[in-house]
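# A structural walkthrough
Each chain is listed here by its residues.
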Amino acid sequence: MSAPTTEGTSRPITAEDPLPNVKHVVLVMSGKGGVGKSTVATNLTLALARRGNKVGLLDADIYGPSIPTMLGVSGRPVSADGKSIEPLERFGVKLMSIGFLLEDGKSAVIWRGPMLHGALQQFMKDVSWGALDYLVMDLPPGTGDVALTLSQRVAITGAVIVTTPQQVATDDVFKSVSMCEKVNIPILGVVENMSFFVDPAGIRHELFGKGGGAAIAEFAKAPLFGQVPIDTTVREWGDKGTPVVQATPDSSIAQTFLAIADRLNEVVLAKAGAGDGAAPLIDRSGGQGRRKLPVTQ
Ligand code: ADP
């Protein structure tokens, strides 16, 4: 099955927009580090690309850029004209990360707010992203001011919130949801990662509890796009620089990410008014109960 692309839709783009040829800007956010935000961002990006979208990935996780490792890309972006920067490219996806600009991948970035915001601004304005259906931005964890800065500089289509199922993770995620609301970034949907583990005997274990994704979705009045299980191949392929969606697209874990990308695409289309004309639909079941509850917005 091939999901529709963004054909005919766009976020509102003004004359000052730093990304005039990018139809949709999607932020991937989490309240807490280590929940798999970058894993979700990379696999979601590749899933959108596999569905026929032109996609870019901006690693805005300035303090812990992991996109270069997860996508197996190193090297320095070049500038042909001394003004704009050419993004790197991997698996047909355009990429930019602060990691590409660091002398030493292991050194920490110590930047003050203005430098950070300047770098982000440059990554949007001075990188030759070209025409894209989606630019996915992997944001640093926390409620931080990065989302605030972005919301002031560019019209954002919306955010995908990544959480794990347990309470300690969700407490922080609630804060990022309300921060998005304060700066008018729509929440497109929620991804619950590390939801369960199926052992070799086929028994399902909810290692990190359950219900976090549904609770966040409820709070955000947004759909739960899906529940991603703990699967060692996710980490293994991520460490090897080929995310699982690219490495084994037919595997069940890759199909989970592809289904999440399809649901994201559906919500973006509906939001842009180019879907099937129906209102966006809320489903907090993680996929089983699609099209159950009408959205109230
Ligand atoms: P964050 O961006 O939230 O800090 P990462 O995406 O870097 O988190 O993930 C942290 C670690 O967990 C990585 O080693 C990653 O490969 C692993 N990981 C993430 N999601 C899963 C999953 N569903 N199954 C197995 N390992 C995962």
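Conventions used here
- Residues numbered from 1 in each chain as written.
- Predicted model: local features only at pLDDT ≥ 70, side-chain atom pairs only at ≥ 80, totals over all residues.
- Heavy atoms only, no water.
- Near = heavy atom within 4 Å.
- Polar contact = N/O pair within 3.5 Å; in protein donor to acceptor, adjacent residues only side chain to side chain.
- Areas by Shrake-Rupley, 256 points an atom, 1.4 Å probe, with all protein chains shown as cover.
- Helix = DSSP H or I, 4+ residues; strand = E, 2+ residues; numbered from the N terminus.
- Nonpolar A, V, L, I, M, F, W, Y, C, P; charged D, E, K, R; others polar.
- Salt bridge = Lys/Arg side-chain N within 4 Å of Asp/Glu carboxyl O.
- Buried < 20%, exposed > 50% of the residue type's maximum accessible area, 1.4 Å probe, protein only.
- Contact = heavy atoms within 4.5 Å.
- Core = buried A, V, L, I, M, F, W, Y, C linked by side-chain atoms within 4.5 Å.
- Pairing = 2+ DSSP bridges.
- Axes fitted to C-alpha atoms, helices over the stretch in contact; angles between N-to-C directions.
- Parallel < 35°, antiparallel > 145°, perpendicular 65-115°, else oblique.

## Description of the site of the ligand
Around the ligand sit 16 residues, and of these Gly 34, Lys 37, Ser 38, Thr 39 and Pro 229 come closest. Between the ligand and Gly 34 there is a distance of 2.9 Å, counted from an oxygen atom to a backbone nitrogen or oxygen. A distance of 3.0 Å separates a nitrogen atom of the ligand from a polar atom in the backbone of Asp 231. Protein chains bury 79% of the 560 Å² of accessible surface belonging to the ligand in isolation. Elements with a minimum of two residues in the shell around the ligand: helix 1 (37-50) and helix 7 (232-240). No other element matches the three residues that helix 1 contributes to the shell around the ligand. Taken together, the residues that form the shell around the ligand break down as seven nonpolar, six polar and three charged.

## What about the pattern of salt bridges?
Counting across every chain of the model gives nine salt bridges. Its salt-bridge partner being Asp 262, residue Arg 51 comes within 2.8 Å of it at the nearest N-O pair. Placement of Arg 51 in the loop between helix 1 and strand 2 (55-59) and of Asp 262 in helix 9 (residues 252-271) is noted, with a sequence separation of 211 residues between them. Between Arg 235 and Asp 239 there is a salt bridge; the shortest N-O distance is 2.9 Å. Taken as a pair, Arg 235 and Asp 239 lie in helix 7 at a separation of four residues, close to a single helical turn. Among the residues examined, Asp 239 registers a relative accessible area of 52% and is labelled exposed. Connected via shared salt-bridge partners are Lys 37, Asp 61 and Asp 138.

## Some remarks on the side chain of Thr 42
Examined against the element boundaries, Thr 42 turns out to sit in helix 1. Its relative accessible area of 1% is what places Thr 42 among the buried residues. Ignoring any residue separated from it by four or fewer positions in sequence, one finds Thr 42 in contact with Leu 57, Ile 67, Met 70, Leu 71 and Pro 243.

## Considerations on the nonpolar core
Counting 80 residues, the largest nonpolar core has Leu 19, Leu 27, Met 29, Met 137, Leu 139 and Leu 264 as its most contacted members. In terms of residues, this core owes the most to one element, helix 9, which gives nine residues. Apart from residues lying up to four places away in sequence, Met 137 is in contact with Leu 19, Val 25, Val 26, Leu 27, Val 28, Leu 58, Met 124 and Leu 150.

## Topic: the pairing of strand 10 (residues 224-228)
Burial of strand 10 is extensive: four of the five residues sit out of reach of the surface. By the bridge criterion, four bridges tie strand 7 (residues 187-193) to strand 10 in an arrangement that is parallel. Across the sheet, residue Asn 193 finds its bridge partner in strand 10, namely Val 228.

## Things to note about the packing of helix 1 against helix 9
At a closest axis distance of 8 Å, the pairing of helix 1 and helix 9 adopts a crossing angle of 75 degrees. The angle between helix 1 and helix 9 places the two elements in the roughly perpendicular class. For the pair formed by helix 1 and helix 9, the contact residues are Val 40, Asn 43, Leu 44, Ala 47, Leu 48 and Arg 50 on the first element and Phe 257, Leu 258, Ile 260, Ala 261, Leu 264 and Asn 265 on the second. Counted by class, the contact of helix 1 with helix 9 contains nine nonpolar, two polar and one charged residues.

## A word on unusual backbone geometry
Of note in this structure, Phe 91 is not a glycine but carries a positive phi near 50 degrees. Mapped onto the elements, Phe 91 comes out in the loop between strand 3 (88-90) and strand 4 (93-97). Take Phe 91: its relative accessible area is 26%, and that puts it in the partly exposed class.

## Topic: the sheet that holds strand 1 (residues 22-29)
Reading across the sheet, the eight strands line up as 3-4-2-5-1-6-7-10 and stay open at both edges, with mixed pairing between neighbours. Edge positions in the sheet fall to strand 3 and strand 10, since each of these pairs with one other strand and no more. Recorded for the sheet is a direction-independent mean angle of 25 degrees between the axes of neighbouring strands. Bridging between strand 2 and strand 5 (residues 132-138) involves five bridges; their strand directions are parallel. Note on strand 5: the bridge partner recorded for Leu 57 is Val 136. In the packing of helix 9 onto the sheet, the strands contacted are strand 1, strand 5, strand 6 (158-163), strand 7 and strand 10, and the crossing angle to strand 10 comes to about 170 degrees.

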